[in-house]
Amino acid sequence: MSEPAPVLLVKRLVFGDIATAKRWDAFVSKCSTATFFHLAGWQNVIRRVFRHDTYFLYVEVNGEIEGVLPLAHVNSFLFGNSISSLPFAVYGGCAASSSLAVDALEKEAKEIAVQLKVSHLEFRNTVRRHQDWPLQDLYVTFRKEILGTEEENLLAVPRKQRAMIRKGIKNSLTSEIDSDVQRFFSLYADNVHRHGTPAMPRSYFQALIDEFGDSCEILTISSVDGRPLSSVFSFYFRDEVLPYYAGDDLSARELAANDFKYWELMRRACLRGLKVFDYGRSKNGTGSFSFKKNWGFEPTPLSYEYCLYRRDDVPQNNPSNAKYKFLISAWRCMPISMANAIGPFIVRSLG
């Protein structure tokens, strides 16, 4: 007789259930398809900072977690009603050890989406799973191996960008790990304001540090006279470093502080024995895309898949959408103090 099929139980991580959250993270740490954005701590950050409802689903087989799917519900007057895995993340979707676990998690997610009457359900997958679902093909990610020595990594950077790194060194730029978010946030908020987009609230970055501890790090680059020029907020996961949020002063480009910043992050990661530098998500055809290509990184398309319920096409809630052109121009003209006050109310609706 054949063995009976395993019984899969789909459960929800209860907010504040520390014991189950630890089991969740233990699974994520060993699951090959999991990312930093699958960690249970995102439930705390999203609920506490943005006050979105979360549905962190997991599958158990014989009492052992076999898969996880973090979801958050964003219901916005500005941008609509949706549920996704995961807002504010570049990667998401199911992380599981079997296709049966994935199927069970996705089935539950669809049922939640119907109950909430959302316009769409989004999975921010790295690999496409549903050929019949509409796909957002705007984004790519850049990942590259960190080589064994500082010299090898420097020589692996194409000549033009390597010259910029050496320019930063010649300008006597210095790097320092910050113990708080103050310098980073000032540079970051000013940077995104110049680009015409709202900044995440300062409380969000503090919440990330409070939740993930040493897995978050702020590296700030200063001029020879101690003036902050450029800063990056990075995540660490297993043997990877993920520079995720960044900001630069207007003078950073002239002094090569941006290239020097990422070189310092890579150099320090090499010394720590890390293996992967994840340059993160960029939109095709943008300056960020070109910058990462010039560093010798090759783009890999991201498979953001959508199950549509109350809409006919994939949402385009990003600065590349022409309908936001006037709003972006107006945002740039707004005093930064006002932009920082209003911004959090907008970004919480974007996800």
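In this text, all values refer to a predicted model and were calculated from it rather than measured experimentally. (Residues numbered from 1 in each chain as written. Predicted model: local features only at pLDDT ≥ 70, side-chain atom pairs only at ≥ 80, totals over all residues. Heavy atoms only, no water.)

### A short note on the overall build of the protein chain
The cut-off we apply is this: Helix and strand assignments follow DSSP, with helices taken as H or I runs no shorter than four residues and strands as E runs no shorter than two, numbered in order from the N terminus. Radius of gyration here uses only the C-alpha atoms, and the compact-globule reference equals 2.2 Å multiplied by the residue count raised to the power 0.38. Throughout, a contact is declared for two residues whenever any of their heavy atoms are within 4.5 Å. When charges are tallied, Lys and Arg are placed among the positive residues and Asp and Glu among the negative ones, while His and the ends of the chain are skipped. The atom standing in for a charge is NZ when the residue is Lys, CZ when it is Arg, CG when it is Asp and CD when it is Glu.
Helices and strands together make up the secondary structure of the protein chain, namely 12 helices and 15 strands. Since a compact globule built from 351 residues should have a radius of gyration of about 20 Å, the 21 Å found for the protein chain is in line with a globular shape. Partitioning the contacts of the protein chain with sequence separation of at least 6, the portion at a separation of at least 24 is 72%. Counting 43 positive and 39 negative side-chain charges, the protein chain places the centres of these two groups 5 Å from one another.

### Observations regarding the environment of G93
For clarity, the threshold we go by: Remark: exposure states derive from per-residue accessible area (1.4 Å probe, protein chains only) relative to the maximum for the residue type, with buried under 20%, exposed over 50%, and partly exposed in between.
Mapped onto the fold, G93 is located in the loop between β4 (80-85) and β5 (95-96). For G93, a relative accessible area of 0% gives the class buried. Between the C-alpha atom of G93 and that of Y58, which follows or precedes it by 35 residues, the distance is 12 Å. Beyond its immediate sequence surroundings of up to four residues, G93 is in contact with H38, V68, L69, P70, S85, F123, R124 and N125.

### Re the pattern of salt bridges
Definition in use: Any Lys or Arg side-chain nitrogen located within 4 Å of an Asp or Glu carboxyl oxygen qualifies as a salt bridge.
Per the counting criterion, the structure on display carries 20 salt bridges. Among the ionic pairs, R183 bridges to D178, the shortest N-O distance being 2.6 Å. For R183, a relative accessible area of 23% translates into the label partly exposed. Residues K293 and E298 are paired through a salt bridge, measuring 3.3 Å at the closest nitrogen-oxygen approach. Overall, K293 belongs to the partly exposed group, its relative accessible area being 34%. Here the salt bridges do not stand alone but share partners, grouping K11, R23 and E60 into one network.

### Side note on the sheet that holds strand β11 (residues 228-237)
The criterion, for reference: Pairing between two strands requires that DSSP report at least two bridges joining them. Axes here refer to lines fitted to C-alpha atoms; in helices the fit is confined to the stretch in contact. Angles between the N-to-C directions go from 0 to 180 degrees.
On the basis of which strands lie adjacent, the open sheet formed by seven strands has the order β9-β10-β11-β12-β13-β8-β14 and mixed pairing. Both outer strands of the open sheet, β9 (174-178) and β14 (299-301), are each paired with one neighbouring strand and no more. Direction aside, neighbouring strands of the sheet carry axes that sit 30° apart on average. Here strand β12 (residues 240-248) runs beside strand β13 (residues 276-283); their pairing, made up of two bridges, is parallel. Of the residues in β13, the one forming a bridge with E240 is V276. Strands β9, β10 (216-222), β11, β12 and β13 of the sheet are contacted by helix α9 (residues 257-271), whose axis makes an angle of about 35° with β11.

### Comments concerning unusual backbone geometry
Residue L86 is bonded to the preceding S85 through a cis peptide linkage, with omega at 15°. In this fold, L86 is placed in the loop between β4 and β5. Even without being a glycine, R238 presents a positive backbone phi close to 55°. Relative to the assigned elements, R238 resides in the loop between β11 and β12. Its relative accessible area of 40% is what places R238 among the partly exposed residues.

### Let's talk about the UniProt feature "domain: BioF2-like acetyltransferase" (unreviewed entry) in the protein chain
Counted only if it meets this: UniProt positions are given in the numbering used here, feature names are shortened, and annotations may be inferred rather than shown by experiment.
With numbering matched to this structure, UniProt assigns "domain: BioF2-like acetyltransferase" (unreviewed entry) to residues 159-292. Between the first and last C-alpha atoms of residues 159-292 the distance is 14 Å; the span itself is 46% helix and 29% strand.

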